[in-house]
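Descriptive structure summary
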Amino acid sequence: MKMDFHTHGKLAKKLPFSEIYTGWLLGEAKCADLDAICLTEHFNTLGFDRIYGYIRERCDREGDAFIADGLKLFPGMETDIAEGGHILSIGPLDAILELNRRLEPNKEKGSFLPFARLLELFGEYPVLVGAGHPFRGMEEGTGNITRLPASQLAAFDFIDLNGKDLAEDAERTIARTKELGKRLGKPVVTGSDTHQAFQYGCVHTDFAFEFSTFARLKEEMEAGRYTIHMEATLPFQVRTASMLKKALKQIHSLGGDYVQVLVSE
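Criteria and cut-off values
Residues numbered from 1 in each chain as written. Predicted model: local features only at pLDDT ≥ 70, side-chain atom pairs only at ≥ 80, totals over all residues. Heavy atoms only, no water. Helix = DSSP H or I, 4+ residues; strand = E, 2+ residues; numbered from the N terminus. Rg over C-alpha atoms; globule rule 2.2 N^0.38 Å. Buried < 20%, exposed > 50% of the residue type's maximum accessible area, 1.4 Å probe, protein only. Contact = heavy atoms within 4.5 Å. Salt bridge = Lys/Arg side-chain N within 4 Å of Asp/Glu carboxyl O.

Re the overall build of the protein chain
When its secondary structure is counted, the protein chain shows ten helices and eleven strands. Here the protein chain has a C-alpha radius of gyration of 17 Å; the compact-globule value for 265 residues is 18 Å, and the two agree. Reported as C-alpha extents along the three principal axes, the dimensions of the protein chain are approximately 50 × 40 × 40 Å. Every one of the 265 residues in the protein chain was classed for burial, and the buried ones make up 55%. In the protein chain, the share of contacts with a sequence separation of at least 24, taken over all contacts with a separation of at least 6, comes to 74%.

Okay, structure coming up:
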């Protein structure tokens with residue numbers, strides 16, 4: 001089962017939710033030969049509830065996953081922490097939605113929860129916690145996941161080997177991320193970190209078996225029954241995706257319909 005652990009359902013978190021755009025994304029993920037994705041939308045994105053409302057209405061249910069035209073979708077969220085950095089959480093839909101509601105007072109910069117308090121909140125729900133792109137912003141001081149206390153680092157269930165960072169410096173990103181996983185004794189899995197379709201499939205985690213529950217996902221991760229694949233086209237895919245995202249946001253800012261630009265014949 002070919003899986004992407006870090007994806008988004010919107011072009012940008014400050015843009016309105018679009019059913020057409022999200023539907024297009026899910027269709028393109030399947031076209032990119034993925035079997036499953038974790039939808040880790042930003043916790044403070046505009047219309048967070050609407051994204052999952054759309055998925056609940058449109059998709060069939062199989063275990064903890066939702067099925068969109070053959071693509072398994074596992075619910076999740078990406079949360080900013082006060083120290084600097086992004087934390088992934090994946091789990092049953094009702095748990096993700098309730099967590100998001102409880103984080104409402106902490107969605108603006110300056111009010112983000114410290115990681116210790118976020119962990120306490122996560123501990124009340126059956127979610128798996130991941131270190132999102134743990135080295136991004138480290139040199140600039142905007143990303144400090146790896147500087148968290150050892151007791152907090154031990155709480156992660158997985159480490160994100162991130163497509164955007166691989167495009168910047170694949171050799172260094174792989175070495176540092178794998179070393180962190182080895183030091184913490186945590187599985188390293190991959191996420192494209194895409195907000196639009198061209199980045200899907202640039203890097204993926206291929207599991208030996210099919211599954212549809214988070215319990216089985218955790219079991220397969222911890223047993224190491226998977227392989228990581230990075231496509232030779234990854235740098236081009238990420239660069240193209242970045243350029244497209246910038247262009248589509250500019251269309252929106254000028255009053256145009258960026259969704260129709262993508263989906264019109």
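Further notes follow.
Examining helix α3 (residues 93-102)
For α3, the complete set of buried residues consists of L93, A95, I96, L97, L99 and N100. Tucked inside the fold, the buried residues of α3 contact α2 (48-58), β4 (65-68), β5 (71-80), β6 (86-90) and α4 (115-122).

Some details on the pattern of salt bridges
Tallied over the entire structure, the rule returns 16 salt bridges. One salt bridge in this structure joins K107 and E104, with 2.9 Å as the shortest N-O distance. The buried category is assigned to K107, whose relative accessible area is 11%. Between E139 and R176 there is a salt bridge whose closest N-O contact spans 3.5 Å.

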